[in-house]
Amino acid sequence: MMTPYEKWHFDLMGYIVLPGAVPKEDIARMRQLALEWAAKPDEQLTAPLASYGKPAFDVTKTRPIMHVEYVDPVFQRALLNKEIMRVVLTLTDNCPQVLLSSLQVYPAGGGPGPLHNGAAGGIQNPANQYQAADGRVFATFINVGICVTDSLRGEGFVAVPGSHKSNFACPEGITVDSPAPLVIAPDIHAGDVVIFTELLRHGGRNWMNKDEPRIVLYTRYCTSYASWSVGYRAMGEHASKLPPELAELMEPAGFQHRKKVVTRLLEELKAK
Ligand SMILES: O=C(O)CCC(=O)C(=O)O
Ligand SMILES: [Fe+2]
């Protein structure tokens, strides 16, 4: 379960970083596959791998490769990673669902991604809500970024800390390149995991390191009953390629339902 420090940080800032939560061997394998796949057009990739939005093949632009969890066990392990699930279970009050994953490859000079999301006051959308009370933190839509590349030069992922609780829209003049403390780029080492509520205002700075593209596996988790992508579940014709626990984790379910995978994880986390 999340520690008191993690809850405090998540509540204050809208994100936490789990240092070294994914083993080095798995990070190396993800990097190898990401570089291999990003060098090929979609037609040459194993089904059901596909680029988000089917962009034209252009190695100078960000490449978002989806459905990686159907193709290699390293991504299946990543989506069920116990350290990540420890946090996802706390945030969803033990009712998680896995939504889409995207293995993102950001080449040098690929350009910035715009700041997006952020609370702006008013009635909250239950599909992307953040609450804290009674010693608990709760979010219905969570983004988990497994970082495959070091990012220590103020590039890559950025966030506007606290913007998940803002009561006003973020002024347009504040961009991904605005300086700290309004916009911050946390220091990231390969194997670290960034977990944030999708309500947080966030984005990506232009990647400048010509020696190494930035690679992140982003996976969205939601509550199994209040979902941004209602009806999303494992792809019928490919579902048998998934471990049964992962297929179950992808299923929508009522808040009264306790998934078997959750019972197993809670027992293991308690025994630790
Ligand atoms: O790391 C980044 O560049 C931000 C990615 C992002 O905004 C997202 O996956 O929703
Ligand atoms: Fe985003």
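Every value quoted in this text rests on a predicted model; they were computed, and no experiment measured them.

### Comments concerning unusual backbone geometry
At the junction of Ala47 and Pro48, the peptide bond is cis and its omega measures out at 0° in the coordinates. Its location among the elements puts Pro48 in the loop between helix H2 (24-38) and strand E2 (50-51). In the segment running from Ala180 into Pro181, the intervening peptide bond is cis, with an omega of 5°. You can see Pro181 is positioned in the loop between strand E9 (156-159) and strand E10 (193-197).

### Here's the deal with the sheet that holds strand E1 (residues 15-18)
In spatial order, the strands read E1-E10-E8-E12-E4-E3-E2; together these seven strands make up an open sheet with antiparallel pairing. Edge positions in the sheet fall to E1 and E2, since each has one partner strand and no second. Taken together, the seven bridges between strand E8 (residues 141-147) and strand E12 (residues 214-223) define a ladder with antiparallel strand orientation. Note on E12: the bridge partner recorded for Cys147 is Val216. In this fold helix H4 (residues 82-91) packs onto E1, strand E4 (96-106), E8, E10 and E12, with an angle of close to 165° to the strand it touches most, E8.

### Structural notes on the site of ligand 1
Ligand 1 sits among Gly113, Asn143, Gly156, Phe157, His202, Gly203, Gly204, Val216 and Tyr218. Here the shell around ligand 1 gets three residues from one element, more than from any other, and that element is strand E11 (residues 202-205). A per-class count over the shell around ligand 1 returns three nonpolar, six polar and no charged.

### Some words on H4
Of all the 10 residues making up H4, eight are buried; the element is thus mostly covered by neighbouring parts of the structure. One or two residues past the end of H4 sits Asp93, with phi positive at roughly 50°.

### Observations concerning the nonpolar core
Ranked by internal contacts, the top residues of the largest apolar core, which has 68 residues, are Tyr15, Ala34, Ile146, Val148, Val193, Val194 and Ile195. Among residues more than four places away in sequence, those in contact with Ala34 are Leu103, Val105, Val148 and Ile215.

Calculation notes
- Residues numbered from 1 in each chain as written.
- Chains lettered and ligands numbered in written order.
- Predicted model: local features only at pLDDT ≥ 70, side-chain atom pairs only at ≥ 80, totals over all residues.
- Helix = DSSP H or I, 4+ residues; strand = E, 2+ residues; numbered from the N terminus.
- Pairing = 2+ DSSP bridges.
- Contact = placed C-beta atoms within 7 Å.
- Axes fitted to C-alpha atoms, helices over the stretch in contact; angles between N-to-C directions.
- Near = placed C-beta within 6 Å.
- Nonpolar A, V, L, I, M, F, W, Y, C, P; charged D, E, K, R; others polar.
- Buried ≥ 20, exposed ≤ 12 C-beta atoms within 10 Å, placed from the backbone.
- Core = buried A, V, L, I, M, F, W, Y, C linked by C-beta atoms within 7 Å.

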